[in-house]
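Structural characterization, general
The chain contents come next:
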Amino acid sequence: MRWVWLILFLGCSVGLEEASVTAYPNPCYGDKVVFKGDLAFGRVEIYNIQGRLVRVLEAEDEEVVWDTRDEEGRKVPSGVYVWRFEGPSGRCSGRITIIRREDG
């Protein structure tokens, strides 16, 4: 059973190379995260730590900006978010930390 899982896992990435994408600033204390790299004509999906899709960003060139809001326009809370990019240049993923400062 272990070998079958390994073969299936490796098989899902056949044909796609690893793209070069970075996200900054990390950690993010503000309202803007910039994804930069081999993004053209791909999409960045952002998930919360529970695995729920928070936002989808469509990239037309080498840079796309996330305003740290979800699909309904609400600011996401502090926490760790996982991003995943897939496009013609390949795919890759990473983590970004959002830190919200309390007004006071």
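Going by the structure above, here's the rest.
The structure contained in this document is the topic of the report that follows. (Residues numbered from 1 in each chain as written. Predicted model: local features only at pLDDT ≥ 70, side-chain atom pairs only at ≥ 80, totals over all residues. Heavy atoms only, no water.)

A word on the overall build of the chain
The test is simple: Only DSSP runs of H or I with at least four residues qualify as helices, and only runs of E with at least two residues qualify as strands; both kinds are numbered from the N terminus onward. Burial classes follow relative accessibility: with a 1.4 Å probe on protein chains only, a residue under 20% of its type's maximum area counts as buried, one over 50% as exposed, and anything between as partly exposed. In what follows, a contact means two residues having at least one pair of non-hydrogen atoms within 4.5 Å. Here, Shrake-Rupley sampling with a 1.4 Å probe gives the accessible areas, and only protein chains in the shown set may cover a residue.
A count of helices and strands for the chain gives one helix and seven strands. Start at the N end of the chain and walk to the C end: the helices and strands fall as α-β-β-β-β-β-β-β. Looking at the chain as a whole, 31% of its 104 residues are labelled buried. Contacts in the chain between residues at least 24 apart in sequence constitute 48% of all its contacts with a sequence separation of at least 6. Here the chain displays about 7,200 Å² of accessible surface, and carbon together with sulfur accounts for 54% of that area.

Structural notes on the sheet that holds strand β5 (residues 63–66)
Heads up, the condition is: By this definition, two strands are paired if DSSP reports at least two bridges between them. The axes used here are C-alpha line fits, helices contributing only the stretch in contact, and every angle between their N-to-C directions lies in the interval 0 to 180 degrees.
Pairing within the open sheet is antiparallel, and its three strands lie in the order β1-β2-β5. Unpaired on one side and paired on the other, β1 (21–24) and β5 mark the two borders of the sheet. Shown here is a sheet whose adjacent strand axes are inclined to one another by a mean of 20 degrees, direction ignored. The pairing of β1 with strand β2 (residues 33–37) spans four bridges and is classified as antiparallel. Across the sheet, Y24 pairs through a bridge with V34, a residue of β2.

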